[in-house]
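# Remarks on the overall topology
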2 protein chains.
Amino acid sequence: MENPEPLQSRLLTSPEPSDEDIALYRGLSADTASGVAVVSTVVRGRDYAATVSGFLSVSYDPPTMLVCLYAESRIAEAVRTSGSWALSLLGSTHQGVANWLASPGTPLEGLLAQVPYRRGTATGAAVVDGSLTYFEVRSTAVHTAATHLIIVGEVVAMGSIASGINAMDPLIHFGSAYRRLAR
Amino acid sequence: MENPEPLQSRLLTSPEPSDEDIALYRGLSADTASGVAVVSTVVRGRDYAATVSGFLSVSYDPPTMLVCLYAESRIAEAVRTSGSWALSLLGSTHQGVANWLASPGTPLEGLLAQVPYRRGTATGAAVVDGSLTYFEVRSTAVHTAATHLIIVGEVVAMGSIASGINAMDPLIHFGSAYRRLAR
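Residues numbered from 1 in each chain as written. Chains lettered and ligands numbered in written order. Predicted model: local features only at pLDDT ≥ 70, side-chain atom pairs only at ≥ 80, totals over all residues. Heavy atoms only, no water.

## Comments concerning the packing of aromatic side chains
Counted by the stated rule, this structure contains four aromatic pairs over all chains. Residues Tyr25(A) and Phe135(B) carry aromatic rings whose centres are separated by 5.5 Å and whose planes lie at 70° to one another, so their mutual orientation is edge-to-face. With Tyr25(A) in helix H1 (residues 19-29) and Phe135(B) in strand S10 (residues 134-145), this pair bridges two chains. Like Phe135(B), Tyr25(A) is buried. Consider the rings of Tyr60(A) and Tyr25(B), whose centres lie 6.2 Å apart with planes at 70°: the pair is edge-to-face. Remark: Tyr25(B) occurs in helix H1 (residues 19-29) and Tyr60(A) occurs in strand S5 (residues 55-60); the pair is interchain, linking two chains. Cluster of aromatic residues (ring-pair linked, three or more members): Tyr25(A), Tyr60(B) and Phe135(B). (Phe/Tyr/Trp six-rings, centres within 6.5 Å; stacked < 30°, edge-to-face > 60°. Helix = DSSP H or I, 4+ residues; strand = E, 2+ residues; numbered from the N terminus. Buried < 20%, exposed > 50% of the residue type's maximum accessible area, 1.4 Å probe, protein only.)

## Observations concerning the side chain of His143(A)
Along the chain, the position of His143(A) falls in strand S10 (residues 134-145). According to the relative accessible area criterion, His143(A) is buried, its value standing at 16%. Of the polar contacts made by the side chain of His143(A), one reaches the side chain of His143(B); its length is 3.1 Å. For His143(A), the residues in contact, after removing those within four places along its chain, are His148(A), Leu149(A), Ile150(A), Val152(A) and His143(B). (Polar contact = N/O pair within 3.5 Å; in protein donor to acceptor, adjacent residues only side chain to side chain. Contact = heavy atoms within 4.5 Å.)

## Focus: the relation of the copies chain A and chain B
Rotating chain A by 180° and moving it 0.0 Å along the rotation axis overlays it on chain B with an RMSD of 0.0 Å. Given the turn and translation reported, the copies of this chain are related as if by a two-fold rotation axis. Taken as a fraction of all interface residues of chain A, those also at the interface in chain B reach 100%, which identifies the copy contact as same-surface. (Least-squares fit on C-alpha atoms with pLDDT ≥ 70 in both.)

## Looking at the layout of surface pockets
One number sums up the size of the second largest pocket: a volume of about 160 Å³. Looking at the second largest pocket, the residues that line it are Pro62(A), Arg138(A), Ser139(A), Thr140(A), Glu154(A), Val155(A), Val156(A), Leu12(B), Thr13(B), Ser14(B), Pro15(B) and Pro17(B). Here the lining of the second largest pocket is built from residues that sort into six nonpolar, four polar and two charged. (1 Å grid on protein atoms, 1.4 Å probe; cavity = no way out; pocket = protein on both sides within 12 Å on 5 of 7 lines; lining within 4 Å. Points joined across faces, edges and corners; volume = space filled by probe spheres on them. Nonpolar A, V, L, I, M, F, W, Y, C, P; charged D, E, K, R; others polar.)

## A closer look at helix H3 (residues 95-102) of chain B
Residues and elements named next belong to chain B. Val97, Ala98 and Leu101 are the residues of H3 that are buried. Along the long axis of H3, the arc covered by the buried residues comes to 100°, so they all point the same way. Turning to H3, the residues buried within the fold contact strand S3 (37-43), strand S4 (46-52), strand S9 (126-128) and strand S13 (177-179). (Arc of directions from axis to C-beta.)

## Structural notes on the pairing of S4(B)
Residues and elements named next belong to chain B. Counting buried positions along S4 gives six out of seven residues, so the element sits mostly inside the fold. The pairing of S3 with S4 spans seven bridges and is antiparallel. Bridge assignment links serine 40 to a residue of S4, and that residue is alanine 49. From the end of S3 to the start of S4, which pair antiparallel, there are two residues, and arginine 44 there has a positive phi angle of about 45°. (Pairing = 2+ DSSP bridges.)

## Some thoughts on the interface of chain A and chain B
At the junction of the two partners, chain A supplies 81 residues and chain B supplies 81 residues. Across the chain A/chain B interface, buried area totals approximately 7000 Å², and carbon plus sulfur atoms make up 66% of it. The interface formed by chain A and chain B contains three salt bridges. One salt bridge connects Arg119(B) with Glu2(A), and the closest N-O pair in it is separated by 3.7 Å. Counting every contact that joins chain A to chain B gives 35 residue pairs in polar contact (both at pLDDT 80 or more). Residue classes in the side of chain A that touches chain B are distributed as 46 nonpolar, 21 polar and 14 charged. Both strand S11 (residues 148-159) of chain A and strand S1 (residues 10-11) of chain B contribute to a ladder of two bridges, which runs antiparallel. In the strand pairing of S1(B), Ala157(A) is matched with Leu11(B). (Buried area = accessible area lost by both parts, 1.4 Å probe. Salt bridge = Lys/Arg side-chain N within 4 Å of Asp/Glu carboxyl O.)

## What about the environment of Ser34(B)?
Tracing the chain through its elements places Ser34(B) in strand S2 (residues 34-35). Under the relative-accessibility criterion, Ser34(B) is labelled buried at 11%. When the C-alpha atoms of Ser34(B) and Ser139(B) are compared, they prove to be 22 Å apart, with 105 residues separating the residues in sequence. Sequence-distant contacts of Ser34(B), that is, excluding residues within four places in its chain, are made with Ala33(A), Ser34(A), Ser53(B), Leu171(B), Ile172(B) and His173(B).

## Here we look at unusual backbone geometry
Cis geometry marks the peptide bond from Asp61(A) to Pro62(A), where omega comes out at -5°. Relative to the assigned elements, Pro62(A) resides in the loop between S5 and strand S6 (63-70). Not every positive phi belongs to a glycine, and Arg44(B) is a case in point at roughly 45°. Tracing the chain through its elements places Arg44(B) in the loop between S3 and S4. Assessed through its relative accessible area of 77%, Arg44(B) is described here as exposed. With a phi angle near 55°, Ala146(B) is a residue other than glycine that sits in the positive phi range. With respect to the helices, strands and loops of the structure, Ala146(B) is situated in the loop between S10 and strand S11 (148-159).

## Regarding helix H2 (residues 74-82) of chain B
All names here are of chain B. Three or more residues of H2 are buried, namely Ile75, Ala76, Ala78 and Val79. Projected onto a plane normal to the axis of H2, the buried residues spread over an arc of 165° and lie on a single side. Exposed side chains of H2 directed beyond 90 degrees from the buried face belong to Glu77 and Arg80. Phi turns positive one or two residues past the end of H2, at glycine 83, with a value near 80°.

Purely geometric stuff here, so don't read any function into it on its own.
What follows is the structure, encoded as structure tokens:
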């Protein structure tokens, strides 16, 4: 049922988007609702972990996931180096963890000192305690996309350790804020 | 703060996951909360559109998005053929549209007869009326990942046509059901 009224779209200047284009895109893309997860890995005995909203289940057969990471970030380099990672899907009680691991300036030393976690069975990566679900993943491909890496991998282990309210109450990111689902 | 209690993980049988592995993964990955969008394109004057929850904003500079589509689907073939697509982010009033365009058996003839839409300025693809935001995208890369394609593209136009409640009320997919955010 076509509405003949034209859209008031912003057309992007090509090939170089303007600062205004980018600012507008940041605002509009913030209205993409998503779950919130922690991606983690271990390199030479050291834990790396960061909050992400850019992750997806890609395929069931074989179970395949992807995560998008800023290519210049510490976590991207660590995940590339280790070749395996865990994704912990956060619940509504995890907002403090999400904030802490989203800060660009988090120190590596003591990164997880205040974050309750257990060790992933297959990869040894930190899995946030109380997560709705978690997946341990072995990378199978890394694609560059603009400033980011799309890291695709095969799930090698998975489970759920949610208890209490978290089990049905995922943490949601929308409009640059953390939100919860209506009951 | 490591919890020494071991995780009760399911380890996947490699290289071929069992039917039980896949069934468990389907269940666990359903607890990934996400926004809901319609991906659409036009090939030889014909509209193609499908509901998706596998999409992401990848990068701000340049504005870049991705969508994951089952490789054997009609919509994947259409998006590959046309090279451009629109992504309409649905609001809570769009549940009927989401259900309709998620049905595998939707007829191509009359696909959008009951769906209010306008034409995208840059691509001509259908944009669902009342969407929180929409993006028109030109594909820049297609990656195969298991049964799916990861289609990455540059945003060429964007805007918002949400009105009333939809503006701050995204449709959410969680636990194999449509949900809304708590206020």
